[in-house]
Amino acid sequence: MDVRIIPTPVLEGEIQALSSKNYTTRYMLAAALAEGTSTILYPARSDDSDAMRRCIRDLGAVLEEDGERMTITGFGRRPKPVKELNVGNAGAVLRFLMAVASLVPEVTFVNAYPKSLGQRPHDDLIDALGQLGVEVEHNGGKLPITIRGGSPKGGTIRVSGAISSQYLSALLFLAPLLDEDSEIEVLHDLKSKVVVRQTLDVLKQAGIVVHASDDLMHYRIPGGQRYQAGTYTVEGDYPGSAAILAAAAVTQSDVTVHRLREDSLQGERAVVDVLRSMNAPLRHEGGSVRVQGNGRLKAGEFDGDAFTDGVLAMVAASVFAEGTSRFYNVENLRYKECDRISDFLAELRKAGADVEERRSEIIVHGKPEGVRGGAVIDSHFDHRVIMALSIVGLRAQEPIVIRDAHHVAKSYPNFFEHLTSIGGRVEIIGG
């Protein structure tokens, strides 16, 4: 499915934020690793959460859903042996389940998206699993990947956090189930620390004890623990909402997004502060963000590691800001569904944006007058790219066409429905 984004000067309305993808997948995994029955309220529906649903079922969990309620009866420390698992295009789900799969004799993760997830590296997690006595067969660190486990051992584990925090989160889910105590030392650097705090939050809610250093670079995890079944409520999703808020900021608007907690641990909560610093008129109170945009923004400098999954939406907003914006400390964007620096900026240039890249920076020379548009743009099968390019299309002089826009469903299946509900002009091309 392709979409045509038609310039839209005014947006107005209210929407409910979709449920957090990150929290949904983590709650589902914690419930699967428990031995009783857990309840998850307001679970997200997305390609990523569907991948987790499918895979934990294959591993022996029992799932039932009724409206906004999901119950999961877990398999605990004993997932069912299975030959293959298909995580689709969900990188976090793959990495979490690579660790869990070390509890079964042998399982192969298939390569369903060779041009996207199939290109992403997993060497650091493969190396860490090897330290637990797990044999991993792989294709130069990429899919397909076969895990031969059955009896991983605890102890001292060293893992790099320079590429992704998901490797660390995967180990944090696994280590409490091992017979031995474990220590995890993070090497080099740790990207997206805010997302690690979400993992620790979920583990705590599931009754798991993890002793973490203040800088999140060292952990002590007692072995022999059991995940406790419980009830979890999924909060609204800031990464997806970032695109809606940015769309409101670049137009004449009065848009409110509900279910966005002020005290959320989601790092992308920072996009509210980013937009505020760019002079977007907004209020955040009572769990709602209201943007009364006037289309006039100013440039700024931002540490993108604090809000990784919101960076592209903020870059899109800065395309129309007065002055030059810089988003730094964002090299990890290169290792997502696509290279979210080089690939994304190439598409922005097609639409008429003035952008530059460094290894770990995105530089945007704003055009308050708007961009020309009138281009056919490649989504690179990346949901964040699709949402960000849609924002740009709203302020273009001519419509833009985004190819393969159905991949927005990876995290936000009803993104275009929400955008049109507040006045965005979107035409679906093909099915």
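How each quantity is defined
- Residues numbered from 1 in each chain as written.
- Predicted model: local features only at pLDDT ≥ 70, side-chain atom pairs only at ≥ 80, totals over all residues.
- Heavy atoms only, no water.
- Pairing = 2+ DSSP bridges.
- Helix = DSSP H or I, 4+ residues; strand = E, 2+ residues; numbered from the N terminus.
- Buried < 20%, exposed > 50% of the residue type's maximum accessible area, 1.4 Å probe, protein only.
- Arc of directions from axis to C-beta.
- Contact = heavy atoms within 4.5 Å.
- Phe/Tyr/Trp six-rings, centres within 6.5 Å; stacked < 30°, edge-to-face > 60°.
- Salt bridge = Lys/Arg side-chain N within 4 Å of Asp/Glu carboxyl O.
- Core = buried A, V, L, I, M, F, W, Y, C linked by side-chain atoms within 4.5 Å.
- Axes fitted to C-alpha atoms, helices over the stretch in contact; angles between N-to-C directions.
- Parallel < 35°, antiparallel > 145°, perpendicular 65-115°, else oblique.
- Left-handed = near helix turned anticlockwise from the far one by under 90°.
- Nonpolar A, V, L, I, M, F, W, Y, C, P; charged D, E, K, R; others polar.

*Asks:* Now, about the sheet that holds strand 6 (residues 84-85): what can you tell me, with residues and values included?
*Replies:* Spatial ordering of the open sheet is given by 6-7-9-8, a layout of four strands whose pairing is mixed. Edge positions in the sheet fall to strand 6 and strand 8 (135-139), since each of these pairs with one other strand and no more. The pairing of strand 8 with strand 9 (residues 142-148) spans four bridges and is classified as antiparallel. The residue bridging Asn139 from the neighbouring strand is Lys142, located in strand 9.

*Asks:* Explain helix 4 (residues 123-131) to me, and be specific about the residues and the numbers.
*Replies:* Turning to helix 4, its buried residues are Leu125, Ile126, Ala128 and Leu129. Taken around the axis of helix 4, the buried residues stretch over an arc of 165 degrees, which confines them to a single face. Buried residues in helix 4 make contact with helix 3 (91-100), strand 8, strand 9, strand 10 (155-161) and helix 5 (166-174). In the segment just after helix 4, Gly133 is the residue with positive phi, at about 85 degrees.

*Asks:* Before we move on, could you go through the packing of aromatic side chains and cite the residues and values that matter?
*Replies:* Under the counting rule described, the total for this entry stands at six aromatic pairs. Here the aromatic rings of Tyr23 and Tyr27 are separated by 5.6 Å at their centres, their planes lie at 35 degrees, and the arrangement is tilted. Residue Tyr23 and its partner Tyr27 are both found in helix 1 (residues 21-32); the two are separated by four residues, about one turn of the helix. Overall, Tyr23 belongs to the buried group, its relative accessible area being 2%.

*Asks:* Explain the pairing of strand 5 (residues 69-73) to me, using residue names and the numbers behind them.
*Replies:* Regular strands have side chains that alternate between both faces of the sheet. Residues Met70 and Ile72 of strand 5 are buried on one face, while the alternating residues Arg69, Thr71 and Thr73, pointing to the opposite face, are not. When strand 3 (residues 37-41) meets strand 5, the two strands line up antiparallel, connected through five bridges. Among the inter-strand pairings, Ile40 is bridged to a residue of strand 5, identified as Met70. Summarising the sheet, strand 4 (residues 62-66) and strand 5 pair through five bridges and their orientation is antiparallel. Note that in strand 5 the partner of Glu65 across the bridge is Met70.

*Asks:* Give a detailed account of the pattern of salt bridges, specifying residues and quantitative values.
*Replies:* In total, this model carries 33 salt bridges according to the counting rule given. Between Glu65 and Arg45 there is a salt bridge, with the nearest N and O atoms lying 3.3 Å from each other. Linking Glu65 in strand 4 with Arg45 in the loop between strand 3 and helix 2 (47-58), this pair joins segments that are 20 residues apart in sequence. Among the residues examined, Arg45 registers a relative accessible area of 47% and is labelled partly exposed. By sharing partners, the salt bridges in this structure join Lys21, Asp48, Arg120, Asp309, Glu337, Arg340, Asp382, Arg384 and Lys410 into a single network.

*Asks:* Give a description of the side chain of Ser288 that names residues and reports values.
*Replies:* Turning to its location among the elements, Ser288 is positioned in strand 17 (residues 288-291). The exposure class of Ser288 is buried, given its relative accessible area of 14%. Ignoring any residue separated from it by four or fewer positions in sequence, one finds Ser288 in contact with Thr256, Val257, His258, Leu260 and Arg283.

*Asks:* A description of helix 5 should follow, citing residues and the corresponding values.
*Replies:* Among the nine residues in helix 5, nine count as buried, and that is most of the element. All of the buried residues in helix 5 are Gln166, Tyr167, Leu168, Ser169, Ala170, Leu171, Leu172, Phe173 and Leu174.

*Asks:* So what's going on with the nonpolar core? Residues and values would help.
*Replies:* Leu97, Phe109, Leu129, Ile147, Leu172, Tyr219 and Tyr227 are the most contacted members of the largest nonpolar core, which totals 77 residues. A total of eight residues in this core trace back to one element, the largest contributor, which is helix 3. When sequence neighbours within four positions are dropped, the list of residues in contact with Ile147 reads Met98, Ala101, Ser102, Pro105, Glu106, Val107, Phe109, Leu129, Val134, Glu135 and Val136. Membership of the second largest hydrophobic core comes to 76 residues, among which are Leu260, Ala280, Ile386 and Ala396.

*Asks:* Go over the packing of helix 4 against helix 5, please, and point to the residues and values.
*Replies:* Following both chains from N to C, one finds helix 4 and helix 5 inclined at 30 degrees, their axes separated by 9 Å at the closest point. With respect to helix 5, the element helix 4 is oriented roughly parallel. As for the relative orientation of helix 4 and helix 5, their crossing is right-handed in sense. Taking contact as the criterion, the partners of Asp124, Leu125, Ala128 and Leu129 in helix 4 are, on helix 5, Tyr167, Ala170 and Leu171. Among the residues making up the contact of helix 4 with helix 5, the classes are represented as six nonpolar, no polar and one charged.

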